[in-house]
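# Summary of structural features
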Amino acid sequence: MDIVQSATSAIYNIFMAAPLAQSIGIVALVIGVSAFLQKSDYLLRRNLTIFTLLMGFHFMLLGLMSGAVSAWLGTLRTYISMRTRNIWVMTIFLLIVLAAALPSATHFVDYLPILGTSFGTWAMFRESGIRMRIMMMLGTLCWLTHNFWVGSIGGTIIEAIFLGVNGRTMFVLLRDGKAEDKNQ
């Protein structure tokens, strides 16, 4: 019982230290879960656009600018990937991520959103179906580690759930014989 009370107290204290930031992170949680439940690559991208926009505000309000910049670049990247899969556009996004986020990275944990966003960029522009979701899982692992390390309640929960929900959706796609999304 002491462990549960300690954990509850710790979560409460983290939440109360930045209630607006944590509330935005929790709203993003709901939208992000809905993204990974989608079998359609297009719907996944649409919901991820909204999710990353909110997570950018979450990190900004927590004072974590490398996470905010990476999330907002993810917003723009995901939105544009719904309209083009051009390799040069992808390359521009990878260079922007490096140029925009690297200067504010000062600790090991600051590099994880950059790496996670890079995996996601490749996934959005070059992959589809199961392969896209596998690349996104690698990015999810980077973001999960980052969010846990910096004390982002909503961010940590969402990335942990993303692993499970994305894995479940990949199983369903394989079961249904839809490893590649024809309606991207």
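Scroll up a little and you will see the structure.
Before going into details, it helps to say that this report is about the structure given with it. Computed from a predicted model, the values in this text were never measured in an experiment. (Residues numbered from 1 in each chain as written. Predicted model: local features only at pLDDT ≥ 70, side-chain atom pairs only at ≥ 80, totals over all residues. Heavy atoms only, no water.)

## Regarding the packing of aromatic side chains
Tallying each qualifying case throughout the model produces 6 aromatic pairs. Ring geometry for F36 and F162: centres 4.4 Å apart, planes at 50°, overall tilted. Of the two residues, F36 sits in helix α2 (residues 19–36) while F162 sits in helix α8 (residues 153–175), which places them 126 residues apart along the sequence. Taken as a pair, F36 and F162 share a single burial class, namely buried. Ring pairing ties together the aromatic residues F36, F51 and F162, which thus form one cluster. (Phe/Tyr/Trp six-rings, centres within 6.5 Å; stacked < 30°, edge-to-face > 60°. Helix = DSSP H or I, 4+ residues; strand = E, 2+ residues; numbered from the N terminus. Buried < 20%, exposed > 50% of the residue type's maximum accessible area, 1.4 Å probe, protein only.)

## A few points about the pattern of salt bridges
Evaluated as defined, the whole model comprises 4 salt bridges. Its salt-bridge partner being R133, residue D41 comes within 2.7 Å of it at the nearest N-O pair. Remark: R133 occurs in helix α7 (residues 129–150) and D41 occurs in helix α3 (residues 41–61); sequence separation between them is 92 residues. Both residues of the pair, D41 and R133, belong to the buried class. One salt bridge in this structure joins D176 and R175, with 3.2 Å as the shortest N-O distance. Relative accessible area serves as the criterion here: at 55%, R175 is assigned to the exposed category. Several salt bridges share partner residues, and in doing so they unite K39, R175 and D176 into one network. (Salt bridge = Lys/Arg side-chain N within 4 Å of Asp/Glu carboxyl O.)

## Overview of the packing of helix α4 (residues 65–81) against helix α5 (residues 87–101)
Closest axis-to-axis distance for the α4/α5 pair is 10 Å, and the angle between their directions is 170°. As summarised for this structure, α4 and α5 are arranged roughly antiparallel, according to the angle between their axes. Like other packed secondary-structure pairs, α4 and α5 cross with a definite hand, here right-handed. In this structure, α4 contributes S66, V69, S70, L73, L76, R77 and I80 to the contact, and α5 contributes V89, F93, I96, V97, A100 and A101. Taken together, the residues that form the contact of α4 with α5 break down as 10 nonpolar, 2 polar and 1 charged. (Axes fitted to C-alpha atoms, helices over the stretch in contact; angles between N-to-C directions. Parallel < 35°, antiparallel > 145°, perpendicular 65-115°, else oblique. Left-handed = near helix turned anticlockwise from the far one by under 90°. Contact = heavy atoms within 4.5 Å. Nonpolar A, V, L, I, M, F, W, Y, C, P; charged D, E, K, R; others polar.)

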